[in-house]
Amino acid sequence: MRPLVAGNWKMNGSRAMAASLVAEIRTLAAAGPASVDLLVCPPFPYIPEVGGGLAGSAIALGGQDCHMAAAGAHTGDVSAAMLADLGCSHVILGHSERRADHGESSLLVAAKAKAAIDAGLTAIVCVGETEAERDAGKAENIVEKQIIESVPAGANSSNLVIAYEPVWAIGTGRTPSVADVAAMHRHIRSLVADRGPVRVLYGGSVKPANAAELMAVAEVNGALVGGASLKAADFMAIAAGAAVSA
């Protein structure tokens, strides 16, 4: 399965930084691996800037969230249709930071994913356990419940990506063992098998030093990259690691 390496810029950057970073990514991508799909997800205000910088390239553009409604009185929110109108093809949904910071439930994530799919976007649905849940031996049960509740009917390999991000590994520099990643991705694959060959990404402190090892794990079909996606060289090194294992 062709890997996908997605950069989640989170709430970082400036207009100048966005323009500079996307230009550098585009330059490096032109000489980089052709066997990997690349996706950049900047903050909402910089989507037009980044989209312009990506025009004519094979690098996809995405958003970091969307509302479940197509339009209406939802001050401060952004609809999936608006993202599509700006040239986005993907949207990240249910990231653990939104589940924690905004109290988003899996049922809300499912509603957002349905809205994204209805608008023609690919929904990247994030799942993952906390450290306490893993220590209690509940990791697979937690992730299974999240997938069952977060993935809407009608989602399939043409409009759905699952990103497994253990909460305790995000931004900490820690990663689960290769065996743990393999076991979780096998479990996730079994849960979405009836939806076709859905790409299952790994996220959580992915960096150039560990990318090749993580991307070589069975059923890992790419990466959702946080901090390392803010440095073009690191982002493309991770893409190179994914290409080696493709």
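Structure shown above.
So, here's what we can say about the structure.

1. Looking at the overall build of the chain
Here is step 1: Helix and strand counts for the chain stand at 10 helices and 8 strands.
Here is step 2: Taking 246 residues into account, the globule formula puts the C-alpha radius of gyration at 18 Å, and the chain, at 17 Å, falls close to it.
Here is step 3: Its C-alpha atoms give the chain principal-axis dimensions of roughly 45 × 45 × 30 Å.
Here is step 4: Out of the 246 residues in the chain, the part that is buried amounts to 50%.
Here is step 5: Once local pairs closer than 6 in sequence are excluded, the contacts in the chain between residues at least 24 apart make up 72%.
Here is step 6: A total of about 10200 Å² of accessible surface is found on the chain, and carbon and sulfur atoms cover 55% of it.
Here is step 7: Each charge sign in the chain was given a centre, from 18 positive and 23 negative side chains, and these centres are 2 Å apart.

2. Topic: the packing of helix H1 (residues 15–30) against helix H2 (residues 47–54)
Here is step 1: The interhelical angle for the contact between H1 and H2, taken along N-to-C directions, is 25°, at an axis separation of 9 Å. Here H1 lies roughly parallel to H2, going by the angle between them. In the crossing of H1 with H2, the sense of the turn from one axis to the other is right-handed. For the pair formed by H1 and H2, the contact residues are Arg15, Ala18, Ala19, Val22 and Arg26 on the first element and Glu49, Val50, Gly53 and Leu54 on the second.
Here is step 2: Residue classes in the contact of H1 with H2 are distributed as 5 nonpolar, 1 polar and 3 charged.

3. A look at the side chain of Gln64
Here is step 1: Of note, Gln64 is situated in the loop between strand E3 (60–63) and helix H3 (80–85).
Here is step 2: With a relative accessible area of 18%, Gln64 lands in the buried category.
Here is step 3: A polar side-chain atom of Gln64 sits 3.1 Å from the main-chain carbonyl oxygen of Lys10.
Here is step 4: Within the structure, Gln64 has its side chain in polar contact with the backbone oxygen of Pro42 (distance 3.3 Å).

4. What to know about helix H8 (residues 178–192)
Here is step 1: Under the 1.5 Å per step criterion, the end-to-end length of H8 is 21 Å for 15 residues, consistent within 8% with the ideal 21 Å.
Here is step 2: Within H8, burial applies to Val181, Ala182, Met184, His185, His187, Ile188, Arg189 and Val192.
Here is step 3: Those residues of H8 that are buried are in contact with strand E5 (122–127), helix H6 (131–135), helix H7 (139–150), strand E6 (160–164), strand E7 (199–203) and helix H9 (208–215).

5. Considerations on the packing of H7 against H8
Here is step 1: Remark: H7 packs on H8, axes separated minimally by 10 Å, with the N-to-C direction vectors making an angle of 30°. Crossing geometry of H7 relative to H8 is assigned as right-handed. Here Ala139, Glu140, Val143, Glu144 and Ile147 of H7 lie close against H8, whose contacting residues are Ala183, Met184, His187, Ile188, Leu191 and Val192.
Here is step 2: Here the residues of the contact of H7 with H8 are counted per class, giving 8 nonpolar, 1 polar and 2 charged.

6. Some points on the nonpolar core
Here is step 1: By size, the foremost hydrophobic cluster in this structure holds 65 residues, and its most contacted members are Val5, Ile25, Leu38, Val50, Ile162 and Ile188.
Here is step 2: If we ignore the near neighbours within four places in the chain, the residues touching Val5 are Val36, Asp37, Leu38, Leu39, Ala223, Val225, Phe235, Ile238, Ala239 and Ala242.
Here is step 3: Core analysis: the second largest hydrophobic core is formed by 12 residues, Cys41, Ile124, Cys126 and Ala163 among them.

7. Concerning the environment of Ala179
Here is step 1: As for its placement among the helices and strands, Ala179 is situated in helix H8.
Here is step 2: Separated by 138 residues in sequence, Ala179 and Cys41 place their C-alpha atoms 29 Å apart.

8. Considerations on unusual backbone geometry
Here is step 1: Its identity as a non-glycine residue notwithstanding, Lys10 has a phi of 55°, on the positive side.
Here is step 2: Counting through the fold element by element, Lys10 comes out in the loop between strand E1 (4–8) and H1.
Here is step 3: Of note in this structure, Glu219 is not a glycine but carries a positive phi near 75°.
Here is step 4: Counting through the fold element by element, Glu219 comes out in the loop between H9 and strand E8 (222–225).
Here is step 5: Residue Glu219 is classed as partly exposed on the basis of its relative accessible area of 31%.

The rules behind each value
Residues numbered from 1 in each chain as written. Predicted model: local features only at pLDDT ≥ 70, side-chain atom pairs only at ≥ 80, totals over all residues. Heavy atoms only, no water. Helix = DSSP H or I, 4+ residues; strand = E, 2+ residues; numbered from the N terminus. Rg over C-alpha atoms; globule rule 2.2 N^0.38 Å. Buried < 20%, exposed > 50% of the residue type's maximum accessible area, 1.4 Å probe, protein only. Contact = heavy atoms within 4.5 Å. Areas by Shrake-Rupley, 256 points an atom, 1.4 Å probe, with all protein chains shown as cover. Lys, Arg positive; Asp, Glu negative; His and termini not counted. Charge placed at Lys NZ, Arg CZ, Asp CG, Glu CD. Axes fitted to C-alpha atoms, helices over the stretch in contact; angles between N-to-C directions. Parallel < 35°, antiparallel > 145°, perpendicular 65-115°, else oblique. Left-handed = near helix turned anticlockwise from the far one by under 90°. Nonpolar A, V, L, I, M, F, W, Y, C, P; charged D, E, K, R; others polar. Polar contact = N/O pair within 3.5 Å; in protein donor to acceptor, adjacent residues only side chain to side chain. Expected span 1.5 Å × (residues − 1). Core = buried A, V, L, I, M, F, W, Y, C linked by side-chain atoms within 4.5 Å.

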